[in-house]
Each structure stands twice: as C-alpha cells, then as structure tokens.
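What follows is each chain in one-letter form.
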Amino acid sequence: MSLSVHPSAGGSVVPDGARDVVVVGGGIVGLAVAWRAARAGLTVTVLDPAPGAGATHAAAGMLAPVTEADFGEEAALRLHLAAAAAWPAFAADLRAATGADVGLRTAGTLTLAYDADDLALLRRVLALHAAHGLASHELTVADARRREPYLGPRVAGAAWAPADHAVDPRATHAALLAALGGRDAAGAGSATGARVVRASATRLALDGGRVVGVHDDAGRLHRAGAVVVAAGWQSGALLADVPGVVVPTRPVKGQTLRLDAGPDLALEHVVRGLVQGRPVYVVPRDPEPAGPRAGHREVVVGATTEENPDDRRATAGGVFALLRDARALLPGIDEAALVEVTPRARPATPDNLPLVGPTDVPGLHLATGHGRNGILLAPLTADAVVAGLGGLSRLGGTEPGDDVATALATARTDRFARTATTPR
C-alpha cells in the first residue's frame, strides 16, 4: 500500500487520517496504556471485541512482589517491586480522573503454613526474602490469629508481608473504560481523542517494513503511527507473520472462585497459604457500606495453574481443590455463597517475564506476556510503553530512574528474536 505520512505529537510517523496509536487488547494492561497515552495528548483507538473479558475478569488483584518472589527469578522480583511502587499514584490519578474507587487495599498479606512440611517451605521462602532485603517476617500462630481471627484450628505457622496489597481488577478496568470514554471529575475531557472499538484484530498492516495499522474482523483498516499489541496470550499468533519479531506467548489456564461473604466472615487481609504443598489464596474486598448487602463482601479464592488452552470451562476438580485448601485455612468460608467460577488463560512466556516497549519493527510496540502478574504490572507497563511512544514528557512525567530502567530492561522485546537467530 502507499500512504502519505506526517509526524505525530508523540514522535511516531502517522499516516494521513490515522490515529496516533492503536492498542490491540482491552484488558487492564491495554486500557492502562491507552489511558496514559490519551492523557499524553495522543489520539488512541483500542480494539477488543469484549474489553476486560479475558484474564482481567478472573484476576484476584494481588499486588504481591514479596509473596510472589520465587527462587531463581531475581529479574522478575526487581520488576515486580518497581511495579508495586507505581500503583498508589496510578490509583490516585485514576480516581482523580473518574471519581472511581479501584479498591486498593493496603492491609498487608498473611501467609499460612498448614502442616510441618509447609512450614519448612515457608521458612525457606522467608530466607529468600531476607537475602533480598524484602519486608517479611515469621509470626507465631497466636500472632496470626490476632491479625485474622477467622483462621482454622490447624495452622502450623505464619508469616507477614506488610507491603503486599491488593486491588479490585474489575473496578479498575471499569474506571479505565470510563476514563477513556467519559469526562473527569472536574468536568474536563479526561481522554480526548480516545475511543474503544469492539472488534477483533486479525492482522497488522505493514508498509515498507513499518507497521501502519491494524485490520479488524469487520474488514476495516485502523491506520496509526504506532500499534501496541496487548492481546494477552493471543499476541504471539497475531504477530506470527511480522518479520523480525518473536513473541512466544502461550495460554496458561487458571480458575478463580468468587464468594459472597456475610458480616460473620469479615476478613481484613489477603490470606495466602500452603496446604500440603499446594498454594492457595483468599482475597477479600471492602464490605458494602449500606443497603440490603451492607457488611457483605466479595472474596476471591484462587487459583489453579494449568498448561491448558483458554476453553473457558470450569472443572469440578479445580473448584473442589480450591475450596478444599481454602477452607482448611479459613473454615468460615463454608457459610459463604459461591457466586461465580471464572476460568481464563494467562499470557505466559518461556522465561516468565513480559515483553514491554518498542520492537525492532518501526511502529510496533508490545505490552504482553505478563503471566499471573498482569494486574500488578499494568501501571508500570503503561508508563514504559508511553515513554517508548514519546509521550511521557507530555504527560508531565520523567524518564524512569536507574532502578526502574534496570527492571524494565529484563522485559525487552527482542530477547526471543535474538535467541532465535543466534547461530548454533
């Protein structure tokens, strides 16, 4: 194709009549990128047939760089710590723009060990935390019960991570949609030039080696100076025919449960646990303040991890296993209503790190592969992508500090392409 071009406000080359940016994918990561880009003065289109219906819909919303830390994953830990630090300002900005409460809870996280073997593993993890200077420490069972009185009778040990928090992903996603389509709390346009198109991207449009837009399933071409692919586990398939880009995302299915807990189960903290070696978590939301459901709160229990496709099918075994292990630690959930079972697939990569930022293909940027930490990583990803688009200075931000830049370097978008082309 032949397209005339002009420079955009963000520094990209924009075909005449095009948007500055098209974001493929309307989950929390894609919408966070779109919102930050729109606030930077860029015109933005988001393409997604059902925004927020993928992994975002299932996510519990833990912001847990400490309790998610694992052996041999120092790069992920640095990235997660930087991401957690970005959340308070992101939540405050979104509330200022929309008036919406995204459910950010800063009550800390309690981790429980069910038996002696679980406690031995928990202590190994605490030693890992200490080696990295992370804020966590062991508690006596009595201290754990004082923090959370609803613990069951059989708990062998506990630990406390005061800086691991939680947010409501669905509330955050709804606020982002409102910010992109509505007006801010002061009545000013909060995302001028932003729009969400409910359609599926089918392939990218290229001209002379540059990505210049996206074709959708209705046969339309959405032209743009830059395309950001934030399509979750489907990102790799969308980019399979783009030369010079390797995005090996795959679906890793997980199931979560949502309970309606009454005032007699007033959980105040995220509770994570090991039950005979099996991990489980229980994430409470704030209670309803008034009305017929006053005192009731949503409680999310998760999550299975299955190397299976995104078939959206809940399994009896998965539901049973989650309830069995959660009630071993918190027996009071027996009285809560099971109101939803949500199976979705997370976008995983071979090294458990995301791909964030510009690629070697002009006009193509990535924001994908976040695995089980997409909620945690969304604000940091958005700021990194907008910086790559040239819009961060227009947003009033600054380039990331050395620590953040080092953390983001592990998410570089060419690392699999370089591996694929290295001679054997």
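Everything below is about the structure shown above.
These remarks concern the structure in this document. (Residues numbered from 1 in each chain as written. Predicted model: local features only at pLDDT ≥ 70, side-chain atom pairs only at ≥ 80, totals over all residues. Heavy atoms only, no water.)

Right, let's talk about the pairing of strand β15 (residues 270-275) for a bit. A large share of β15 lies buried, amounting to six of its six residues. Relative to β15, strand β6 (residues 109-113) is paired through five bridges, and the arrangement is parallel. Each residue of the ladder has a partner; that of L112, found in β15, is G273. As defined by bridge partners, β15 adjoins strand β16 (residues 278-284) across five bridges and the pair is classed as antiparallel. Looking at the pairing, L274 lines up with P279 of β16. In this structure, the hairpin formed by β15 and β16 is closed by a connection of two residues, where Q276 is found at a positive phi of approximately 55°. (Buried < 20%, exposed > 50% of the residue type's maximum accessible area, 1.4 Å probe, protein only. Helix = DSSP H or I, 4+ residues; strand = E, 2+ residues; numbered from the N terminus. Pairing = 2+ DSSP bridges.)

Here we come to the packing of helix α3 (residues 74-98) against helix α6 (residues 169-181). Across the interface, α3 lies against α6 with an axial gap of 10 Å and an inter-helix angle of 50°. The angle between α3 and α6 falls in the class oblique. Between α3 and α6 the crossing geometry is left-handed. Here α3 contributes W87, F90, L94 and T98 to the contact with α6, which in turn contributes T172, A175, L176, A178 and A179. A class-by-class count of the residues in the contact of α3 with α6 yields seven nonpolar, two polar and no charged. (Axes fitted to C-alpha atoms, helices over the stretch in contact; angles between N-to-C directions. Parallel < 35°, antiparallel > 145°, perpendicular 65-115°, else oblique. Left-handed = near helix turned anticlockwise from the far one by under 90°. Contact = heavy atoms within 4.5 Å. Nonpolar A, V, L, I, M, F, W, Y, C, P; charged D, E, K, R; others polar.)

Looking at where A75 falls in the secondary structure, it is placed in helix α3. By relative accessible area, which is 22% here, A75 ends up partly exposed. Along the backbone, A75 and L353 are 278 residues apart, and their C-alpha atoms lie at a distance of 8.2 Å. Not counting chain neighbours up to four residues away, the residues in contact with A75 comprise L353 and T410.

The next point concerns the pattern of salt bridges. Per the counting criterion, the structure on display carries 25 salt bridges. With its nearest N and O atoms 2.6 Å apart, the salt bridge here joins E68 to R272. Of this pair, E68 sits in the loop between β5 (62-63) and α3 while R272 sits in strand β15, and the two are 204 residues apart along the sequence. Judged by relative accessible area, E68 falls into the buried class, the value being 16%. Between E68 and R372 there is a salt bridge, with the nearest N and O atoms lying 3.0 Å from each other. Of the two residues, E68 is situated in the loop between β5 and α3 and R372 in the loop between β20 (364-368) and α9 (374-389); the sequence distance between them amounts to 304 residues. Residues joined in a network through salt bridges with shared partners are R36, R39, D93 and D383. (Salt bridge = Lys/Arg side-chain N within 4 Å of Asp/Glu carboxyl O.)

A word on the sheet that holds strand β18 (residues 337-348). In spatial order, the strands read β7-β8-β6-β15-β16-β17-β14-β18; together these eight strands make up an open sheet with mixed pairing. For this open sheet the edge positions go to β7 (137-139) and β18, each flanked by a neighbour on one side alone. With strand direction ignored, the average angle separating the axes of adjacent strands in the sheet is 25°. The sheet contact formed by β16 and strand β17 (residues 297-302) spans four bridges and is antiparallel. Counted as the bridge partner of V283 is V300 from β17. Running over the sheet, helix α8 (residues 316-329) touches β6, β14 (250-261), β15, β16, β17 and β18 and is turned about 75° from β16.

Once that is clear, we can look at the side chain of T67. Of note, T67 is situated in the loop between β5 and α3. Relative accessible area serves as the criterion here: at 18%, T67 is assigned to the buried category. Within polar-contact distance, the side chain of T67 engages the side chain of D164 at 2.6 Å. A distance of 3.1 Å separates a polar atom in the side chain of T67 from a polar atom in the side chain of R272. (Polar contact = N/O pair within 3.5 Å; in protein donor to acceptor, adjacent residues only side chain to side chain.)

The final tally for this structure, using the stated rule, is two aromatic pairs. Relative to F90, the ring of W35 has its centre 5.6 Å away and its plane inclined at 85°; by these criteria the two rings are edge-to-face. With W35 in helix α1 (residues 28-39) and F90 in helix α3, this residue pair connects regions lying 55 residues apart in the sequence. With relative accessibility at 0%, the residue F90 sits in the buried group. With 5.2 Å between their ring centres and 80° between their planes, W87 and F90 make a pair best called edge-to-face. Placement of the pair is W87 and F90 together in helix α3, with a separation of three residues, close to one helical turn. The exposure class of W87 is buried, given its relative accessible area of 1%. Within the aromatic cluster, the residues linked to one another by ring pairs are W35, W87 and F90. Across from the ring centre of F71, 4.6 Å away, lies the NZ or CZ of R124, which sits over that ring. (Phe/Tyr/Trp six-rings, centres within 6.5 Å; stacked < 30°, edge-to-face > 60°. Lys NZ or Arg CZ within 6 Å of the ring centre and 35° of its normal.)

Among the nonpolar cores identified, the biggest contains 52 residues, and V23, W35, V44, L94, L176 and V228 are the most heavily contacted of them. Elements with a minimum of two residues in this core: β3 (19-24), α1, β4 (44-47), α3, α6, β13 (221-229), α9 and α10 (402-409). Among the elements that make up this core, the one with the highest residue count is α9 (ten residues). Aside from chain neighbours lying at most four places away, what touches V44 is R19, V21, V23, A34, A37, A38, G193, A194 and R195. (Core = buried A, V, L, I, M, F, W, Y, C linked by side-chain atoms within 4.5 Å.)

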